[in-house]
Amino acid sequence: RPLAVADHESLKEWPQARALLEAAISQSSAIHQRSHEVDDARSVVSALSALQDFLARHGTADERKAFSLREAAILDGLIADQPDEIPFVEARASVAADIAGATPADQASPQTIASLDEVADLAGRAADKDYRLRANLRIWQARLLALAGQFGKNGAADAASTDRLRRAEAALQQAVGDPEIK
């Protein structure tokens, strides 16, 4: 029988395990590009998550950041193709936070801040669509806005950063005050 990812991982054959995970992403992406079915998009997200988990255990910081940037682009495409799949938005928010977490505050580019703002807004819009994930998405929205506020501030209290932090606080209040989670 062919070796599975877990077999390669237990044998400490990291390149072979990673190659299988990369193949899973490529194959599931190709299938989704042909079908545009939501189940196929979910397979792509599952494959992305598997490689992300693998890199968390065995990858370098640079490998994790490079993969997070690639994962963000793939998730953006899936969200554009499947806008009602709220878990994809949650996955995208997690990736945005990972990218921000790997970026020193003094090295955050305007593009990084803009991306955090965009994904925070996306999480906020998605929160209004799905009551089951509303609180989680509001918390992601708050976290991303707070990160963008910290990056934007970078030592100086500017109006945009203050507004982001105010909006982060409001998103948290909405999450805490959500009657669906009580």
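As a reminder, the structure under discussion sits directly above these lines.
Residues numbered from 1 in each chain as written. Predicted model: local features only at pLDDT ≥ 70, side-chain atom pairs only at ≥ 80, totals over all residues. Heavy atoms only, no water.

Structural notes on the environment of A47
Applied cut-off: Secondary structure elements follow DSSP: runs of H or I of four or more residues count as helices, runs of E of two or more count as strands, with numbering from the N terminus. Note on classification: 1.4 Å probe, protein chains only; a residue is buried when its accessible area is under 20% of the maximum for its type, exposed when over 50%, partly exposed between these limits. Every residue pair with non-hydrogen atoms within 4.5 Å of one another is taken to be in contact.
Position of A47 relative to the elements: it lies in helix 3 (residues 38–58). You can call A47 buried: its relative accessible area is 9%. Separated by 24 residues in the primary sequence, A47 and A23 have C-alpha atoms spaced 9.1 Å apart. For A47, the contacting residues outside a window of four places in its chain are A24, I25 and S28.

Topic: helix 6 (residues 110–127)
Cut-off, in case you're wondering: What a helix should span is 1.5 Å times the count of its residues minus one.
Compared with the 26 Å implied by 1.5 Å per residue over 18 residues, the 26 Å span of helix 6 between its first and last C-alpha is a close match. Considered for burial, the residues of helix 6 that qualify are T112, I113, L116, D117, V119, A120, L122, A123, G124, A126 and A127. Where helix 6 is buried, its residues contact helix 4 (61–81), helix 5 (86–101), helix 7 (134–153) and helix 8 (159–176).

Here's the deal with the environment of I139
Following the sequence through the fold, I139 ends up in helix 7. Taking the C-alpha atoms as reference points, I139 and Q174, 35 residues apart in sequence, are found 8.8 Å from one another. In contact with I139, not counting residues within four places along its chain, are L172 and A175.

Focus: the packing of helix 7 against helix 8
Our working definition: Orientation is described by axes fitted as lines to C-alpha atoms, over the contacting stretch for helices, and by angles from 0 to 180 degrees between their N-to-C directions. Put simply, angles under 35 degrees are roughly parallel, angles over 145 are roughly antiparallel, angles from 65 to 115 are roughly perpendicular, and the rest are oblique. Note on convention: the crossing is left-handed when the near helix lies turned anticlockwise from the far helix by less than a right angle, right-handed when the turn is clockwise. Lys, Arg, Asp and Glu make up the charged group, whereas Ala, Val, Leu, Ile, Met, Phe, Trp, Tyr, Cys and Pro make up the nonpolar group; the residues left over, Gly among them, are polar.
The interhelical angle for the contact between helix 7 and helix 8, taken along N-to-C directions, is 165 degrees, at an axis separation of 8 Å. With respect to helix 8, the axis of helix 7 lies roughly antiparallel. Of the two elements, helix 7 crosses helix 8, and the hand of that crossing is left-handed. Contact with helix 7, carried on its side by A135, R138, I139, Q141, A142, L145, A146, A148, G149, G152 and K153, involves S161, R164, L165, R167, A168, A171, L172, Q174 and A175 of helix 8 and no other residues of that element. Residue composition of the contact of helix 7 with helix 8, grouped by class: 11 nonpolar, five polar and four charged.

A few points about the nonpolar core
This is how it is decided: Nine residue types can take part in a nonpolar core, namely buried Ala, Val, Leu, Ile, Met, Phe, Trp, Tyr and Cys, and a core is a set of them joined through side-chain atoms within 4.5 Å.
L51, L78, V89 and L137 are the most contacted members of the largest nonpolar core, which totals 27 residues. Looking at this core, the elements with two or more residues in it are helix 2 (14–35), helix 3, helix 4, helix 5 and helix 6. Those residues in contact with L51 that lie beyond four places of it in its chain are R18, L21, E22, I25 and F67. With 18 residues, the next largest nonpolar core counts I113, A120, L145 and A148 among its residues.

Describing the pattern of salt bridges
Selection criterion: Between Lys or Arg on one side and Asp or Glu on the other, a salt bridge is scored when a side-chain nitrogen of the former is within 4 Å of a carboxyl oxygen of the latter.
For the structure on display, the rule yields 13 salt bridges. Residue R57 pairs with E9 through a salt bridge whose shortest N-O separation is 2.8 Å. With R57 in helix 3 and E9 in helix 1 (residues 5–10), the pair connects residues that are 48 residues apart, well separated along the chain. In this structure, R42 engages E85 in a salt bridge whose closest nitrogen and oxygen atoms are separated by 3.1 Å.

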